[in-house]
Structure formats: structure tokens, C-alpha cells
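Residues per chain are reported as follows:
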Amino acid sequence: TDLHSQYVVFSRHAAARSQRVTIGISIFMSIAMVIVTSVAFIWYDSNTFHTNFAKNLSVLAQLVSENSAVLIAFDSTDEASDLLQSMSANDSVVAAALYVPKEAGSRNQTIFANYVHEDFQGRESVPGLSGGERAVYEGDSLIVVKNVFDSDGEEVGRLYLKAHTDEIRARF
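Note that residues are indexed from 1 along each chain, following the sequence as it is written. Reporting in this predicted model follows two pLDDT cut-offs: at least 70 for local features of residues, and 80 or more for side-chain atom pairs to be given and counted; totals over whole chains, interfaces and linings ignore these cut-offs and use all residues. Just so you know, side-chain values use all the structure's heavy atoms and leave hydrogens and water out.

**Overview of the pattern of salt bridges**
For side chains of opposite charge, pairing can occur when their charged atoms come near one another.
So, point 1. The working definition used for a salt bridge is a side-chain nitrogen of Lys or Arg within 4 Å of a carboxyl oxygen of Asp or Glu. All chains considered together, the criterion is met by two salt bridges.
So, point 2. Between K162 and E124 there is a salt bridge, and its shortest N-O distance comes to 2.8 Å. Of this pair, K162 sits in strand β5 (residues 155–164) while E124 sits in the loop between β2 (109–116) and β3 (134–138), and the two are 38 residues apart along the sequence. In this pair, the class of K162 matches that of E124, namely buried.
So, point 3. Across the salt bridge formed by E155 and R158, the nearest N and O atoms sit 3.3 Å from each other.
So, point 4. Any residue under 20% of the maximum accessible area for its type is buried, any over 50% is exposed, and the rest in between are partly exposed; the area is computed with a 1.4 Å probe on protein chains only. On the accessibility criterion, E155 (38% relative accessible area) is partly exposed. Secondary structure is summarised from DSSP: a helix means a run of H or I of at least four residues, a strand means a run of E of at least two, and numbering begins at the N terminus for each.

Structure representation (C-alpha cells):
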């Protein structure tokens, strides 16, 4: 019976040890799954937010460029400046400009109208040339350039928008 009682005690300890190992593995796996799920969610949310931020700014650029064609056609620089000044409603937009060709058919551009957010005066400016149509992240900024077309479908200028990504950084 002495051997039998030792076996029973040993069996209980082995069962308890096995149970602790199983619980430990379950806890470890649960924590690992929570971490993996959280990282996947943050990655997805970040990518989705970046994409939506770029789409929203591109839509804004499209609307402004469509309204700019008439202003360019009638050489209305004051109204074009007012239109770009309306960008102040969007705190992300720190600079905007309308470019027109120096001569008909020329690739050389001149700034028709521009805007720099009041909080960024002296720190931000618009480039001398807009570059081609695009929507790209450059450092802490999103740059969107849209072609401006007249009613005949001819390019009469380009719109440049620069938005800081502070909204994205604040989110994360």
C-alpha cells in the first residue's frame, strides 16, 4: 500500500503539472492572438485611413480644378485666389496653387493664384512648377496635382494641393 499511495500522490502531481502546462499554453496562445489581431487591425486601419485621406483630398482637388477652368479662361486671379482661400476650411491643406502655361501649348508654367494656410505662413510655400498629375505622400505631406480642363477638354492649367498628415499622426 505504501507503493500504491506514492503512485497516487505522483499521479496527482503529474496531473496538476500537466494541467498547469495546458493552462499556461492556452494563456500564451490567447495573448499571442490578441497581439496579432491588434497589429493586423492597426495596420488595416492605418492603410485604410491613408487611402481615404488621399481620396478625399483628390476629390477636393477635382472640385476646385473644375471650378478653376472658368476663372483661368476669364483671367480672374482675384476670384481664383478667393477659391483657393476657401481651402482654409480644411485644416489639413497647408498650401494650394493654380498654375497656367506661360504661353499657349508651353510646358513652362506661371502661378496664377496661390494660398498658404495662415498657420504655415513663412514655413510653407508652393513650388515654382506643379509637376505632373499625381497624388503621393512626400514625408509628412500629401501632394495632389490635378489637371484643369476647359469645356472643350483642353488642359488650361494645373491645381497643386499640399496637405499635412497631422490628422493621420494624431489618429495613431
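**Comments concerning the pairing of strand β4 (residues 141–149)**
Along a regular strand, successive side chains alternate from one face of the sheet to the other.
So, point 1. Burial within β4 is extensive, with eight of its nine residues counted as buried.
So, point 2. Two strands pair under a simple rule: DSSP has to find at least two bridges between them. The pairing of β3 with β4 spans five bridges and is antiparallel. Counterpart to V136 in the pairing with β4 is I143.
So, point 3. The hairpin formed by β3 and β4 contains two residues between the paired strands, and G139 there has a positive phi angle of roughly 65 degrees.

**Quick look at the sheet that holds β2**
So, point 1. Spatial strand order, β2-β1-β5-β4-β3: five strands in an open sheet with antiparallel pairing. One side of each edge strand has no neighbouring strand; the edge strands of this open sheet are β2 and β3. On average, adjacent strands in this sheet sit at an angle of 15 degrees to one another, irrespective of strand direction.
So, point 2. In what follows, a contact means two residues having at least one pair of non-hydrogen atoms within 4.5 Å. Under this scheme, a helix contributes an axis fitted over its contacting stretch, all axes are lines through C-alpha atoms, and angles between N-to-C directions fall in the 0 to 180 degree range. Docked against the sheet, helix α2 (residues 77–85) engages β1 (93–101), β2 and β5, running at close to 45 degrees with respect to β2.

**Some details on α2**
So, point 1. Three or more residues of α2 are buried, namely A80, L83 and L84. The buried residues of α2 occupy an angular sector of 95 degrees when the element is viewed end-on, so they sit on one face. Exposed positions of α2 whose direction lies more than 90 degrees from the buried face are D78 and D82. In this description, the arc belongs to the directions extending from the helix axis to the C-beta atoms.

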